[in-house]
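A closer look at the structure
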Amino acid sequence: MTNDNTNAVTEAPHTPARHLSVCDMTANAKVSGFYILQSASLRTTASGRSFLNATVSDKTAAIPVIFWDYTGPISSADDGKVVFLTGQVSEFKGSLQITVETLRLCDADEAIDLSPLIPVAPIDVDRMYEQIQAIIRSIADADYRGICLEFLRRHGEQLRTIPAAKSVHHSFLHGLLMHTGNMLKTADFLAGLYPQVINRSLLLTATLLHDLSKREEFTFSTLGLVSDYSVKGNLLGHLVMVAQEAAEIGKELNIPEEKSILLQHVLLSHHGKPEFGAAVVPMCAEGELLSLIDNVDSRMEIYRANLEQTPVGEFSGRIFALDGRRVYRHYLPDSQNS
């Protein structure tokens, strides 16, 4: 990041401002308004200069920010809170960032409009949940269907509500519902395409369950967004926690041991490789396929979110989650855009 702006003032004034959406920011634009602090880190350069390296967002997108000669009080402990900042948008290595001039936390009694800030999944929540329930009811194996119904009884509300991640993909309200629903539809189709190697009941059950321990993996801000990883999230992770709960429910429902172990294996292996967080590598086709479906849906959401901010006929900025590449937004027929 550039280091050409020194500012001694750290507290932004209590003045109303027109919100400039992150997706509408351009180089040299002035920024003055409220944003969600996604992450913050106090750092020091090799020469000893202090700065705040952070990311802020609204419901349209996220953008890196840098505040030179900053020593606090805002830090990683404030992740997920609303901040007021002023500054100027600049370009660094092909991507936009905000060089901050003033910064403060939103006061608890300060009346602000949150509607531009909180990102929400672009789905009909009730319809998606109904579609998930219909797929679960169609599971032929009564044992696996019973496990799904018990998980929905325990975790249905969190499935409907929470984000699927802290950042990168589906990190908005109802993100877990969108991610899980999309994956179940894809899994259902692919199970029908490969019946010689895929047990549909096992695949659909693991797909529903695979991220349902994220409620325990994360901590959440007052806005309902992910602010950090919990102690259990750091020490165990959602793959281990959901496999443990699946084993527990399997015992309660007297599920045959082999079925329970297979389900646990698919859950523990659904990240594909240890370097991607898998506890074990997939040793059955359902585990392999679930890891691919998970990766496809997460990457397609990264494309969707970035292309939504990119005019037709132009390239996006560099996307860290896609190895720093830029993507091109081409024209789609109206029927596909609707």
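Structure: see above.
Here's what I pulled together on the structure shown here.

Considerations on the overall build of the protein
Within the protein, the secondary structure is distributed over 10 helices and 7 strands. The C-alpha atoms of the protein give a radius of gyration of 22 Å, which matches the 20 Å a tight globule of 338 residues would have. Sorting the 338 residues of the protein into buried and exposed places 48% on the buried side. Across the protein, contacts joining residues at least 24 apart in sequence account for 61% of those joining residues at least 6 apart. Accessible surface for the protein amounts to roughly 16,500 Å². Of this, 53% is attributable to carbon and sulfur atoms. Distance from the positive charge centre (29 side chains) to the negative charge centre (40 side chains) of the protein: 2 Å.

Concerning the pairing of strand β5 (residues 95-105)
On a regular strand, one side chain projects to one face of the sheet and the next to the other, so that they alternate. Relative to β5, strand β3 (residues 62-68) is paired through 2 bridges, and the arrangement is parallel. Counted as the bridge partner of V65 is I98 from β5. The pairing of strand β4 (residues 82-92) with β5 spans 10 bridges and is classified as antiparallel. In the sheet register, F84 faces β5, and the bridge partner there is R104. The hairpin turn running from β4 into β5, its antiparallel successor, is 2 residues long, and K93 in that turn takes a positive phi close to 55°.

What about the nonpolar core?
Of all hydrophobic cores here, the largest spans 42 residues; its most connected members are L159, L208, L209 and L263. When contributions to this core are tallied by element, the ones reaching two or more residues are α1 (125-137), α2 (142-161), α3 (175-193), α4 (200-209), α7 (238-252), α8 (257-269) and α9 (285-307). Per element, the largest residue contribution to this core is 7 residues, and it comes from α3. Excluding anything up to four places from it in sequence, L263 contacts Y144, I147, L202, T205, A206, L209 and A246. V31, L52, F67 and I74 belong to the second largest nonpolar core, which has 23 residues in total.

Observations regarding the packing of aromatic side chains
What the rule picks out here adds up to 6 aromatic pairs. With centroids separated by 5.0 Å and ring planes inclined at 70°, the aromatic side chains of F34 and F84 adopt a geometry described as edge-to-face. In this pair, F34 sits in strand β1 (residues 30-44) while F84 sits in strand β4, placing the two residues 50 residues apart along the sequence. Residue class for F84 comes out buried when judged on its relative accessible area of 0%.

Overview of the sheet that holds β5
The strand order β1-β2-β3-β5-β4 describes a closed barrel built from 5 strands, whose pairing is mixed. Each strand axis lies, on average, 50° off the axis of its neighbour in the sheet, ignoring direction. Two strands pair when backbone bridges link them, and β1 and β4 are joined in this way by 7 bridges, in the antiparallel orientation. Its bridge partner lying in β4, V31 is registered against G87.

Focus on the environment of R104
Note on placement: R104 falls in strand β5. Residue classification places R104 among the buried positions, given a relative accessible area of 2%. In this structure, the C-alpha to C-alpha distance between R104 and N28, residues 76 residues apart in sequence, is 22 Å. Of the polar contacts made by the side chain of R104, one reaches the side chain of E110; its length is 2.9 Å.

A word on α2
The first and last C-alpha atoms of α2 sit 27 Å apart over 20 residues, in line with the 28 Å expected at 1.5 Å per residue. Within the sequence span of α2, burial applies to Y144, I147, C148, E150, F151, L152, H155, G156, Q158 and L159. Regarding α2, its N-cap is D141, as a side-chain oxygen of that residue lies 2.9 Å from the backbone nitrogen of D143 further along.

Points about the environment of M183
Within the secondary structure layout, M183 lies in helix α3. Along the chain, M183 and N295 lie 112 residues apart, while their C-alpha atoms are 9.8 Å from each other. The residues contacting M183, other than those within four sequence positions of it, are T207, H210, L290, I293, D294 and D297.

Let's talk about unusual backbone geometry
The omega angle of the peptide bond from G72 to P73 is 15°, so this bond is cis rather than trans. Along the chain, P73 falls in the loop between β3 and β4. The phi dihedral of H174 is positive, around 70°, even though this residue is not glycine. With respect to the helices, strands and loops of the structure, H174 is situated in the loop between α2 and α3. With a phi close to 60°, D323 is a non-glycine residue in the positive phi region. Among the structural elements, D323 can be located in the loop between α9 and α10 (334-337). Using a relative accessible area of 68% as the deciding quantity, one classes D323 as exposed.

Rules used in this analysis
Residues numbered from 1 in each chain as written. Predicted model: local features only at pLDDT ≥ 70, side-chain atom pairs only at ≥ 80, totals over all residues. Heavy atoms only, no water. Helix = DSSP H or I, 4+ residues; strand = E, 2+ residues; numbered from the N terminus. Rg over C-alpha atoms; globule rule 2.2 N^0.38 Å. Buried < 20%, exposed > 50% of the residue type's maximum accessible area, 1.4 Å probe, protein only. Contact = heavy atoms within 4.5 Å. Areas by Shrake-Rupley, 256 points an atom, 1.4 Å probe, with all protein chains shown as cover. Lys, Arg positive; Asp, Glu negative; His and termini not counted. Charge placed at Lys NZ, Arg CZ, Asp CG, Glu CD. Pairing = 2+ DSSP bridges. Core = buried A, V, L, I, M, F, W, Y, C linked by side-chain atoms within 4.5 Å. Phe/Tyr/Trp six-rings, centres within 6.5 Å; stacked < 30°, edge-to-face > 60°. Axes fitted to C-alpha atoms, helices over the stretch in contact; angles between N-to-C directions. Polar contact = N/O pair within 3.5 Å; in protein donor to acceptor, adjacent residues only side chain to side chain. Expected span 1.5 Å × (residues − 1).

Shape is all these values report; function is a separate question.
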